[in-house]
Each structure stands twice: as structure tokens, then as C-alpha cells.
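# Examination of the molecular architecture
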Amino acid sequence: MKQTKRQVTSKVVPFTGEFYPTASEPTPAGNNIAAFLVMLAAALIAGLSIGAISTYQSASQVQLREMKAQSQQLEKVKNQVCR
């Protein structure tokens, strides 16, 4: 792992002119892996949802749903006529 040094800077408080040292904290390396996994999961979910939408709206699926609706209407008419 890469070790980073703390950078010490001085902060001036307004009106008093006093100097207070502040140190910047190095970022932990574990956050990068977690952020990568979250982005990977989001990309996977986005890809799956785009695939599902494109499959649902494909021409063959639309035609299949229309044929199913027509079949149900035909069955209703058949039941009404044959009574």
C-alpha cells in the first residue's frame, strides 16, 4: 500500500490573527473498492433493465401480445355465439 504523508498547513483565524495548524487526512483505500463495486452493480442493473425493455418492445413480442389479445376476444365471441 502506498503511504502518504500528512501535509500540515496553517489556518489563520480572522480578527485574532492566531495560527492553528490543520492536517489533511489521507483517504483510505477501501473506499475506492466499495465505490467500484457500487458502480459495477449500477451498470449491471442498468444493462439488465435496458435488455428487458428492448425485449419487451421487440416486434415479435408485440405481435405475440396482439395475437394473445385477439385470441381472448375470439374466445369471448365463441362463448357468446355457442350458448
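As the structure is a prediction and not an experimental result, all values here were calculated from the model.

The rules behind these values
- Residues numbered from 1 in each chain as written.
- Predicted model: local features only at pLDDT ≥ 70, side-chain atom pairs only at ≥ 80, totals over all residues.
- Heavy atoms only, no water.
- Helix = DSSP H or I, 4+ residues; strand = E, 2+ residues; numbered from the N terminus.
- Buried < 20%, exposed > 50% of the residue type's maximum accessible area, 1.4 Å probe, protein only.
- Areas by Shrake-Rupley, 256 points an atom, 1.4 Å probe, with all protein chains shown as cover.
- pLDDT = per-residue confidence, 0-100.
- Patch = residues over 30% accessible without salt bridge, like charges linked within 9 Å, V, L, I, M, F, W, Y side chains within 5 Å.
- Salt bridge = Lys/Arg side-chain N within 4 Å of Asp/Glu carboxyl O.
- Phe/Tyr/Trp six-rings, centres within 6.5 Å; stacked < 30°, edge-to-face > 60°.
- Lys NZ or Arg CZ within 6 Å of the ring centre and 35° of its normal.

Let us now look at the overall build of the chain. Within the chain, the secondary structure is distributed over two helices and two strands. Sequence-ordered secondary structure for the chain, helices as α and strands as β, is β-β-α-α. Every one of the 83 residues in the chain was classed for burial, and the buried ones make up 0%. Summed over all atoms, the accessible surface of the chain reaches about 8,100 Å², with 64% contributed by carbon and sulfur.

So, about the confidence of the model for the chain. Summing up the model confidence of the chain, the mean pLDDT is 81 and the portion of residues at 70 or higher is 64%. Within the chain, strand β1 (residues 8-12) has the poorest average pLDDT of any element, 61, and helix α2 (residues 59-81) the best, 94.

With that settled, consider a nonpolar patch on the surface. Together, I33, F36, L37 and L40 give the surface a local cluster of nonpolar side chains, amounting to about 430 Å² of exposed area. Of note, I33 is situated in helix α1 (residues 30-56). Residue I33 is classed as exposed on the basis of its relative accessible area, which comes to 55%.

As enumerated under the stated definition, the model contains zero aromatic pairs in all. Over the aromatic face of Y56 sits the side chain of R65, whose NZ or CZ is 3.9 Å from the ring centroid.

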